[in-house]
Amino acid sequence: GTIDKQKQWYQRRVRDMDTVIPPIHKCLSTKGGSCYIKISSLGFLSKLIKHHPPAIFTPYIKDTVSCVISAVQDTFYKVISEALAVTEQLVFVIPYTGPPDSPLVGELCVSIFNATLYRLKEADLDQEVKERAITCMGHLLASMSELLQPQLPVALPLFLDRLRNEITRLTTVKALTVIARSNSGVSLKLIMGEALPLLGTFLRKTNRALKLSTLELLDNLIVNYTQDITTSMVNELIDELPRLISESDTHVSQLALMFVSRLSERMPHCADKIPNGVLPAALTLVRSPLLQGKALEVMASFFCSLTRSGNLSVQFVELVQHLTNPVYNPSPATQPANSPLAVHKQAFYSTSHCVAALALSSANYAEYQAVISKLVDNLKSEDTTDSVRLFALLTIGSIGKHRDLSERKELQSVLMGAFNSASEDVKSAASYALGNVCVGNLNLYLPSVITEIQENPKRQYLLLNSLKEIITSMSDKEESIAILKNYVPEMWNVLIRYMQVTEEGSRKIVAACLGKLMLIDHVTLLPKLLEYTTSDQPFVRSTVVTAVKYTVTDTPQPIDPLLRQFMGQFLSLLKDEDLNVRRMALVTLNCTAHNKPILIRDHMDELLPNLYKETTIKLKREVEMGPFKYPVDDALDNRKAAFECMYTVLHNCIDRVNIFQFLDHVEIGLKDVPDIKMLTYLMVLRLIQMNPNAVVLKLDHILEPLRDTFNSKLKDICPIGQEGEKANELKRSAMRTVIGMGKIPEIEKHPSF
């Protein structure tokens, strides 16, 4: 059925082109025609080609190319620019016209090339035309290199000239990247000798976009044009790289390291300068608290590429020693101020990840075993510092996640022993390590972890966290999910038993595990979880509704249809008598409205009254602290969660909201505590954009609390430290709201404004 619909759509578009294309040709070919009409026609044609299958345009390609080339030769710069934009799109249509050796394809390619080359050669053109000509030529050479081999000696030197021009160099770098990435057979040897030194100078510039584009081009050149690059060219580039590798810009550092990694693999004979320049900069960056995510993955790949390059000056043992030296031998230069740990906490994760990657990628099994043995010995020794213990646990966890460590018989007991540490960081790392080691051999370790959870209540939080690591790590691949499914019933029964623990942190972990398990087997588990919404234990009900939150992801999941059916019943806990259960339900509603609003759209009529009710509840009491009494509002967190949820609903479910009823509760928030006031100010600004007429009708009620905010004195809101800054920020936020109101048409005529 889907294929038939696609065919019908395609046939309709073909018929539409018979109506649309000929009038465009007429507009472009009329002599003395209006420039405005030509610009509009070309802009429309460019978007038309871009958003439709190229084959649709092949019947009109010859006439279209003729009209567009005529526009490229126009005298008005705006017409030329739009014509070059269309030419760039036509490059992708020509291959569908016929085989590469057909006369028509060759004729069209040469015609477009000559027209673009004419504009590329001119030096006194408008900046926009220059950039469009460079971009168009780049796409043309990348797509049609086989037909344009004789023209390359003419076109490529022009790219070199444009690289030397400060105004056009960024566009030229991007165009050359298109050519280099295409691997289309365009020989860049003609300009490589002069282009690479120029690209090296670009890495010194302050223009960030230029540095990023240059690094991307260099990476593609190393991949596809290794044979045209000499050692001397590479040495000049390597000299420029150390200054790019720093925590001041981790994205630039990431691209620089990616280039060096590629260089080590493709041209190992050119990597002799890396240990002296790039390596010290990389080792410094590893200790940065900002290194994480993709940049950390690239850093690990960089170290692995050094050991694989065969460079005798960078051996596995020495590289591991360089990485771990700040942990084992801390110094004032590497240790953070006022910290008991050897390096920053994030640096432990970065260093352990890199060492684990080196061990796993080593072709020498003895080297791998030496790393594991040293780490286990560190954990066994009573003299080991917390820093070394923390590093050893994180590294073992990172290795165990990818390789079976069951040959180390004592490993599980060693990891469990780390739970007795006085350091919370070490205990958390031990929990992480145990969970990831279990991933390496689930059949051996998981049953014992489940047994420990049941028999050791004092270690309950840490063991539940290990279980969470197991479920999370094994939920990303189909083959690991298939293995995990065998243990789902057993894990589910254990987790259900711990839904009512008094410690909130443990309940959150249980909820996360339940949510992850439901993503694995939703047909069986989701109805089972629904039964617990009627439990007489408030902790159980709050854990249930929190678990639902972990099933709501921002990507489509098999659970979605069933979850949509049951969501109303889960969120009926918004009416629960327990304050904490309602707060958890509000958090889940907010998460669902943000990530996947389709799940709640059918239930908004039942959910909104319960949501609005939470905005009005206040449970104030006084707490005595010595001779003083302090007011406490137990419902404040619920109101904050409710207004945060209203803000999300306003963005994603506005079509299911009665705007005037919504505004009534916004008015209530405008008179609440400062944190809630600032949320409602954002809602008012959003409503001004979406429905200004509704705001105008309620303007009197909105302006009154705004006036109170402006008239309040800082001393009335405790202008000391952060509270004083909060009061100032509240007034600034109110002012932004008033400025937003000022943009409503004819608002100045309103008497209250």
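In this report, the structure presented in the accompanying data block is examined. (Residues numbered from 1 in each chain as written. Predicted model: local features only at pLDDT ≥ 70, side-chain atom pairs only at ≥ 80, totals over all residues. Heavy atoms only, no water.)

What about the pattern of salt bridges?
Test applied: The term salt bridge refers to a pairing of a side-chain nitrogen on Lys or Arg with a carboxyl oxygen on Asp or Glu at a separation within 4 Å. Secondary structure follows DSSP: runs of H or I at least 4 residues long count as helices, runs of E at least 2 residues long count as strands, and numbering of each begins at the N terminus. Note on classification: 1.4 Å probe, protein chains only; a residue is buried when its accessible area is under 20% of the maximum for its type, exposed when over 50%, partly exposed between these limits.
Within this structure, the stated rule accounts for 29 salt bridges. In this structure, Asp219 engages Arg262 in a salt bridge whose closest nitrogen and oxygen atoms are separated by 2.9 Å. One end of the pair, Asp219, is in helix α10 (residues 208–224); the other, Arg262, is in helix α12 (residues 250–266), and 43 residues separate them in sequence. A relative accessible area of 11% means that Asp219 is categorised as buried. A salt bridge links Lys698 to Asp664, with the nearest nitrogen and oxygen atoms 2.5 Å apart. Here Asp664 lies in helix α32 (residues 659–669) and Lys698 lies in the loop between α34 (692–697) and α35 (699–711), a separation of 34 residues in the sequence. With a relative accessible area of 34%, Asp664 lands in the partly exposed category. Ionic contacts of the salt-bridge type, sharing partners, join the residues Lys78, Glu128 and Arg132 into one network.

A few points about the state of the cysteines
Rule in force here: Note on terminology: pairs of cysteine sulfur atoms within 2.5 Å are recorded as disulfides.
Enumeration according to the criterion identifies zero disulfides in this entry. The structure places no disulfide on Cys513, whose sulfur is separated from the nearest cysteine sulfur, that of Cys438, by 13 Å. Residue classification places Cys513 among the buried residues on the basis of a relative accessible area of 1%.

Description of the packing of aromatic side chains
How we decide: Pairing of aromatic rings covers Phe, Tyr and Trp, the last counted by its six-membered ring, and requires centre-to-centre distances within 6.5 Å; plane angles under 30 degrees mean stacked, over 60 mean edge-to-face, and any other angle means tilted. By the criterion adopted, a ring carries a charge over it if an Arg CZ or a Lys NZ lies within 6 Å of its centre and within 35 degrees of its normal.
Within this structure, the stated rule accounts for five aromatic pairs. Ring centres 5.2 Å apart and planes at 50 degrees place the aromatic pair Phe302 and Phe303 in the tilted group. For the residue pair Phe302 and Phe303, the accessibility class agrees, reading buried in each case. Look at Tyr328 and Phe391: their rings are 6.1 Å apart centre to centre, the planes differ by 80 degrees, and that puts the pair in the edge-to-face class. A residue pair is termed long-range when its members are at least 10 positions apart, and Tyr328 in helix α15 (residues 316–328) and Phe391 in helix α18 (residues 386–400) qualify at 63 residues. Here Tyr328 falls in the partly exposed class, since its relative accessible area comes to 23%. According to the relative accessible area criterion, Phe391 is buried, its value standing at 1%. Sitting over the ring of Tyr328, Lys374 keeps its end group 4.4 Å from the ring centre. The positively charged end of Arg403 is found above the aromatic ring belonging to Tyr368, 4.5 Å away from the centroid.

A word on the environment of Glu455
Tracing the chain through its elements places Glu455 in helix α21 (residues 442–455). For the pair Glu455 and Lys596, spaced 141 residues apart in the sequence, the C-alpha separation amounts to 39 Å.

A look at a nonpolar patch on the surface
Our working rule: Residues enter a patch when their relative accessible area is above 30% and they make no salt bridge; the linking distance is 9 Å between like charges and 5 Å between nonpolar side chains (Val, Leu, Ile, Met, Phe, Trp, Tyr). Each accessible area is a Shrake-Rupley estimate made with a 1.4 Å probe; only the visible protein chains count as cover when residues are assessed.
The grouping of Met625, Phe628 and Tyr630 at the surface amounts to a nonpolar patch, some 350 Å² of accessible area in total. Mapping Phe628 onto the fold places it in strand β2 (residues 628–633).

Some words on the nonpolar core
Definition in use: In this description, a nonpolar core means a group of buried Ala, Val, Leu, Ile, Met, Phe, Trp, Tyr and Cys residues linked to one another through side-chain atoms lying within 4.5 Å. Note on contacts: a residue pair is in contact if any heavy atoms of the two residues lie within 4.5 Å.
One finds Leu141, Leu221, Met299, Phe302, Phe303 and Met491 to be the most contacted residues of the largest nonpolar core, which totals 254 residues. A per-element tally of this core places helix α14 (residues 294–308) first, with nine residues. If near-sequence neighbours (up to four positions away) are discounted, Phe302 is found in contact with Leu257, Val260, Ser261, Ile274, Val278, Leu279 and Ala282.

Some details on the pairing of β2
Consecutive residues of a regular strand have side chains that alternate between opposite faces of the sheet. Under the convention used in this document: Think of it this way: DSSP has to see at least two bridges between two strands before they count as a pair.
Pairing analysis gives six bridges linking strand β1 (residues 620–625) to β2, with the strands arranged antiparallel. Paired with Lys620 across the bridge in β2 is Asp633. Here β1 folds back onto β2, and the loop between the two strands holds two residues, one of which, Gly626, carries a positive phi near 70 degrees.

Some remarks on the environment of Met416
Structurally, Met416 is set in helix α19 (residues 411–417). C-alpha separation for the pair Met416 and Val449, spaced 33 residues apart in sequence, amounts to 9.9 Å. If near-sequence neighbours (up to four positions away) are discounted, Met416 is found in contact with Leu434, Glu452, Arg459 and Leu463.

Some remarks on the packing of helix α25 (residues 504–520) against helix α27 (residues 538–549)
Here is the rule: Axis lines are fitted to C-alpha atoms, over the contacting stretch for helices. Their N-to-C directions set the angle, which ranges from 0 to 180 degrees. Each angle gets one of four labels, with under 35 degrees taken as roughly parallel, over 145 as roughly antiparallel, 65 to 115 as roughly perpendicular, and the rest as oblique. Crossing chirality is assigned from the near helix's rotation relative to the far helix, an anticlockwise turn below a right angle marking it left-handed and a clockwise turn marking it right-handed. Under this grouping Gly is polar, as are all residues other than the nonpolar Ala, Val, Leu, Ile, Met, Phe, Trp, Tyr, Cys and Pro and the charged Asp, Glu, Lys and Arg.
For the pair α25 and α27, interaxial distance at closest approach is 8 Å and the crossing angle is 45 degrees. With respect to each other, α25 and α27 are oriented oblique. Considering the relative orientation of α25 and α27, their crossing is right-handed. From α25, Arg507, Val510, Ala511, Leu514, Gly515 and Met518 reach across to α27, where they touch Phe539, Ser542, Thr543, Thr546 and Ala547. In terms of residue class, the contact of α25 with α27 is built from six nonpolar, four polar and one charged.

Notes on the side chain of Arg582
Looking at the element boundaries, Arg582 is found in helix α29 (residues 579–595). Setting aside residues no more than four positions away along its own chain, Arg582 makes contact with Leu573, Leu574, Lys575, Asp576, Glu577, Glu614, Ile617 and Asn638.

Some words on the environment of Lys50
Along the chain, Lys50 falls in helix α2 (residues 35–50). Residue Lys50 is classed as exposed on the basis of its relative accessible area, which comes to 56%. Considered as a pair, Lys50 and Phe92 are 42 residues apart in the sequence and their alpha carbons are 9.1 Å apart.

Structural notes on the packing of helix α30 (residues 604–614) against helix α31 (residues 636–652)
At a minimum axis separation of 8 Å, α30 and α31 run at an interaxial angle of 140 degrees. As judged from the angle between their axes, α30 and α31 are oblique. Seen along the crossing, α30 lies across α31 with a hand that is left-handed. Residues Met604, Leu608, Leu611, Tyr612 and Glu614 of α30 lie in contact with α31, whose contacting residues are Asn638, Arg639, Ala642, Cys645, Met646 and Val649. Broken down by class, the residue content of the contact of α30 with α31 amounts to eight nonpolar, one polar and two charged.

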